[in-house]
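# Chains, contacts and geometry: an overview
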Amino acid sequence: MNNNLKSNVKKHIPKDWLCELRILYRLGKETLNDIIRTGWVNVVIITTMAAILMIFGACFRSALSISAFSKELGQALEISVYLKNSTDAQTVKQEISQIPHVQEISIIPKAESWQKLKTEMSLPNIENPLPDTLHVKVDAPESLQPVFDNIKKIASVEDMSYAKDLASKIELVNHVVKTITLVIIAIMALLTITIINNTIQLVIQSRKDEIEIMRLMGVSNWYIRFPFIMQGAFYGFAGSLLAMIPLNYVQNGLNNVHKFFMIPSPPNAQHLVIIIMFSMSILFGAVGSFWCIKKHLQV
């Protein structure tokens, strides 16, 4: 009953938006003062952050290109399906098209295959021994084996083949690229949090007396924490801005490689790298600050 009464009373209390804006202004001013107080160390921190983020961005963007190359090469791989005699190729094609991950199916009549073989080799005048063939393309290299296994169950299929070794190598490359990307993200997170942690620790030491006074006055813990967290986020944001300059050269270079091999560049790859880089750097910067505050201020 009392809780309901309190909630009803709170609804009728008008919010002082001007007061809240003043608090935000004050917090922003404190953040700016802390950054200014750090002095020339800001340049070192932002430059170091930019170097870390540039390496991450370049590796991540390269990983996207390698994945695009692998996918393009994987899509060029086909499963050759050889049909039994007196089998309707269109019926089998319709059956295979229902299998997940099948992208395209083309029918190669046995007469066409035999004629092509005769132009390439000197063959005796015998009856055509070749079967009708289906060439099946899938949407990704890792889908080749599952699709192969499903087609194998069809009764009208005599034999099948595909470049299994090449498909395995493509899949291995994709796995290695993803693993390396995750390792780089982990290293970037560790370095960013460590740098921010040490920087905020210095700022805390320089404001130790001021912070102690605010705590004695009953100032909210979040009021004390917020400027430090924003300072860490600022270093992440500024580092990302600086890292964008060399990343543009990396992007242009990779685009030229894609054009040379006539393989389309991953759509919106640069935008994706920038969004992830900014998001992660700001997040890791804020987290590094928060952990430092929790460790040294106990608030």
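Residues numbered from 1 in each chain as written. Predicted model: local features only at pLDDT ≥ 70, side-chain atom pairs only at ≥ 80, totals over all residues. Heavy atoms only, no water.

### Points about the packing of helix H8 (residues 208–216) against helix H9 (residues 221–260)
Where H8 meets H9, the closest approach of the two axes is 10 Å, and the angle between their N-to-C directions is 150°. By the angle class used here, H8 and H9 are roughly antiparallel. Between H8 and H9, the contacting residues are Ile 211, Met 214 and Arg 215 on the first element and Tyr 223, Ile 224 and Phe 228 on the second. Among the residues forming the contact of H8 with H9, the class breakdown is five nonpolar, no polar and one charged. (Axes fitted to C-alpha atoms, helices over the stretch in contact; angles between N-to-C directions. Helix = DSSP H or I, 4+ residues; strand = E, 2+ residues; numbered from the N terminus. Parallel < 35°, antiparallel > 145°, perpendicular 65-115°, else oblique. Contact = heavy atoms within 4.5 Å. Nonpolar A, V, L, I, M, F, W, Y, C, P; charged D, E, K, R; others polar.)

### Focus: the environment of Ala 167
By the element assignment, Ala 167 lies in helix H7 (residues 164–206). The buried category is assigned to Ala 167, whose relative accessible area is 5%. The spatial distance from the C-alpha of Ala 167 to the C-alpha of Gln 145 is 8.9 Å, given a sequence separation of 22 residues. When near neighbours in sequence (up to four residues on either side) are disregarded, Ala 167 contacts Leu 77, Leu 144 and Tyr 162. (Buried < 20%, exposed > 50% of the residue type's maximum accessible area, 1.4 Å probe, protein only.)

### Structural notes on unusual backbone geometry
Even without a glycine there, the phi angle at His 101 is positive, about 80°. Secondary-structure assignment places His 101 in the loop between helix H4 (89–97) and strand E2 (102–108). For His 101, a relative accessible area of 43% gives the class partly exposed. Positive phi is not limited to glycine here, since Asn 268 has a value of about 55°. Note on placement: Asn 268 falls in the loop between H9 and helix H10 (269–296). For Asn 268, a relative accessible area of 56% puts it in the exposed group.

### As for the side chain of Ser 65
Along the chain, the position of Ser 65 falls in helix H3 (residues 41–76). Ser 65 gets classed as buried once you look at its relative accessible area, which sits at 4%. If sequence neighbours within four positions are ignored, Ser 65 has contacts with Leu 254, His 258 and Pro 266.

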